[in-house]
Amino acid sequence: AQSVTQLDSQVPVFEEAPVELRCNYSSSVSVYLFWYVQYPNQGLQLLLKYLSGSTLVESINGFEAEFNKSQTSFHLRKPSVHISDTAEYFCAVSGTSGTYKYIFGTGTRLKVLA
Amino acid sequence: GAGVSQTPSNKVTEKGKYVELRCDPISGHTALYWYRQSLGQGPEFLIYFQGTGAADDSGLPNDRFFAVRPEGSVSTLKIQRTERGDSAVYLCASSFYQGAHEQFFGPGTRLTVL
């Protein structure tokens with residue numbers, strides 16, 4: 001069985017400040033890792049994913065996440081946030097075979113303050 | 001192109017009634033997933049279709065829940081004898097094929113059982 005923990009339910013941060021959203025997972029098998037973002041009144045959108053290879057993955061809008069196998073973590077970071085980054089962020093894992101269904105964390109609400 | 005669509009966007013029903021929720025996946029996507037998101041939680045897996053067949057229904061909470069995908073495209077989630085605890089946002093996602101590693105989510109149907 002797999003599980004995902006997002007310890008921070010809400011993270012307030014001032015505009016242009018750095019942010020880290022934490023994600024830890026538990027699994028007895030290999031996993032793929034994902035971050036999805038949900039902007040207000042919109043559906044879930046893929047932000048970035050780790051499948052294999054380089055443990056550091058980046059999105060087109062400046063977010064990055066690093067897969068750390070020893071710490072079973074996949075934290076999301078951005079060096080300078082914008083008001084438009086205000087959203088809910090979900091970390092998810094799937095197995096590397098089978099149905100590839102997602103197991104999601106409970107989400108972190110990022111609120112960027114002016 | 002068009003994304004995943006779900007109808008209705010909102011459904012209010014009374015305890016004990018029957019409801020159907022519809023999902024139109026992206027054209028050509030063979031894999032289809034249903035998730036349920038309760039307030040303050042991340043989405044939870046319900047059922048997965050590969051083509052017309054339900055390949056994994058391990059997330060359905062009980063036998064009041066049933067889903068079909070008769071022609072391998074549109075899917076309907078059916079809930080019998082609804083209970084107040086069924087109130088949630090029901091999300092549908094599709095991917096190009098099993099193992100495509102990115103699921104595209106619809107906007108969801110918000111079900112309220114009075």
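Residues numbered from 1 in each chain as written. Chains lettered and ligands numbered in written order. Predicted model: local features only at pLDDT ≥ 70, side-chain atom pairs only at ≥ 80, totals over all residues. Heavy atoms only, no water.

1. Thoughts on the overall build of chain B
Then, in step 1: A count of helices and strands for chain B gives zero helices and eleven strands.
Then, in step 2: Along chain B, from the amino end to the carboxyl end, the secondary structure elements read β-β-β-β-β-β-β-β-β-β-β.
Then, in step 3: Taking 2.2 N^0.38 as the reference for a compact globule, 114 residues should give roughly 13 Å; the C-alpha atoms of chain B span a radius of gyration of 13 Å, in line with that estimate.
Then, in step 4: Principal-axis analysis of the C-alpha atoms places the extent of chain B at approximately 35 × 25 × 25 Å.
Then, in step 5: Residues classed as buried in chain B amount to 47% of the 114 residues present.
Then, in step 6: With 11 positive and 11 negative side-chain charges, chain B shows a spacing of 8 Å between the two charge centroids. (Helix = DSSP H or I, 4+ residues; strand = E, 2+ residues; numbered from the N terminus. Rg over C-alpha atoms; globule rule 2.2 N^0.38 Å. Buried < 20%, exposed > 50% of the residue type's maximum accessible area, 1.4 Å probe, protein only. Lys, Arg positive; Asp, Glu negative; His and termini not counted. Charge placed at Lys NZ, Arg CZ, Asp CG, Glu CD.)

2. Some thoughts on the nonpolar core
Then, in step 1: Residues L33, W35, L47, L48, F74, L76 and Y89 of chain A are the most contacted members of the largest nonpolar core, which totals 28 residues.
Then, in step 2: For this core, the secondary structure elements donating two or more residues are β2 (10-14), β3 (19-21), β5 (31-38), β6 (44-50), β8 (64-68), β9 (73-78), β10 (87-95) and β12 (108-113) of chain A.
Then, in step 3: If we ignore the near neighbours within four places in the chain, the residues touching L76 of chain A are V19, E20, L21, W35, L47, L48, F63, E64, A65 and Y89 of chain A.
Then, in step 4: One finds C23, L60, F65 and A67 of chain B within the second-largest nonpolar core, a separate group that totals 20 residues. (Core = buried A, V, L, I, M, F, W, Y, C linked by side-chain atoms within 4.5 Å. Contact = heavy atoms within 4.5 Å.)

3. Regarding the state of the cysteines
Then, in step 1: Under the counting rule described, the total for this entry stands at two disulfides over all chains.
Then, in step 2: For C23 of chain A, the disulfide goes to C91 of chain A, at an S-S distance of 1.9 Å. Here the disulfide of C23 of chain A and C91 of chain A is left-handed, its torsion about the S-S bond being about -65 degrees. Highlighted residues: C23 of chain A in the loop between β3 and β4 (24-26) and C91 of chain A in strand β10, separated in sequence by 68 residues.
Then, in step 3: On the basis of relative accessible area, C91 of chain A is assigned to the buried category, the value being 0%.
Then, in step 4: Disulfide partner of C23 of chain B: C92 of chain B, at an S-S distance of 1.8 Å. On the S-S bond that ties C23 of chain B to C92 of chain B, the torsion sits near -65 degrees, and the link is left-handed. (Disulfide = S-S within 2.5 Å.)

4. Observations concerning the sheet that holds strand β7 (residues 65-68) of chain B
Residues and elements named next belong to chain B.
Then, in step 1: Spatially, β1-β3-β8-β7 is the arrangement adopted by the four strands of the open sheet, whose pairing is antiparallel. Across the chains shown, the open sheet's two edge strands, defined by having one partner strand only, are β1 (5-7) and β7. Averaged over all pairs of adjacent strands, the angle between strand axes in this sheet comes to 15 degrees, irrespective of strand direction.
Then, in step 2: Judged from the four bridges that link them, β7 and strand β8 (residues 75-79) form a sheet pairing that is antiparallel. Of the residues in β8, the one forming a bridge with F66 is K78. (Pairing = 2+ DSSP bridges. Axes fitted to C-alpha atoms, helices over the stretch in contact; angles between N-to-C directions.)

5. Considerations on the interface of chain B and chain A
Then, in step 1: At the interface, 20 residues of chain B touch 18 residues of chain A.
Then, in step 2: Broken down residue by residue, the surface that chain B buries against chain A is led by P43, H101 and F105 of chain B, which jointly contribute 36%.
Then, in step 3: Remark: the boundary between chain B and chain A carries one salt bridge.
Then, in step 4: With a shortest N-O distance of 3.1 Å, K101 of chain A and D56 of chain B are connected by a salt bridge.
Then, in step 5: Between chain B and chain A we count six residue pairs in polar contact (both at pLDDT 80 or more) in total.
Then, in step 6: Considering every element that reaches the side of chain B that touches chain A, the biggest residue donor is strand β4 (residues 31-37) of chain B, with three residues.
Then, in step 7: Tallied by class, residues from the side of chain B that touches chain A come to eight nonpolar, ten polar and two charged. (Buried area = accessible area lost by both parts, 1.4 Å probe. Salt bridge = Lys/Arg side-chain N within 4 Å of Asp/Glu carboxyl O. Polar contact = N/O pair within 3.5 Å; in protein donor to acceptor, adjacent residues only side chain to side chain. Nonpolar A, V, L, I, M, F, W, Y, C, P; charged D, E, K, R; others polar.)

6. Thoughts on the pairing of strand β6 (residues 53-56) of chain B
All names here are of chain B.
Then, in step 1: Strand direction decides the pairing type here: strand β5 (residues 44-50) and β6, joined by three bridges, are antiparallel. Bridging across to β6, F49 finds its partner in A54.
Then, in step 2: In this structure, the hairpin formed by β5 and β6 is closed by a connection of two residues, where G51 is found at a positive phi of approximately 70 degrees.

7. Looking at the pattern of salt bridges
Then, in step 1: Taken as a whole, this structure holds eight salt bridges over all chains when the rule is applied.
Then, in step 2: Taking the shortest distance from any N to any O, the salt bridge between R109 of chain A and E88 of chain A comes out at 2.9 Å. Here R109 of chain A, found in strand β12, pairs with E88 of chain A, found in strand β10; they are 21 residues apart in sequence, far enough to count as distant.
Then, in step 3: Residue R109 of chain A is classed as partly exposed on the basis of its relative accessible area, which comes to 45%.
Then, in step 4: Connected via shared salt-bridge partners are R64, E83 and D86 of chain B.

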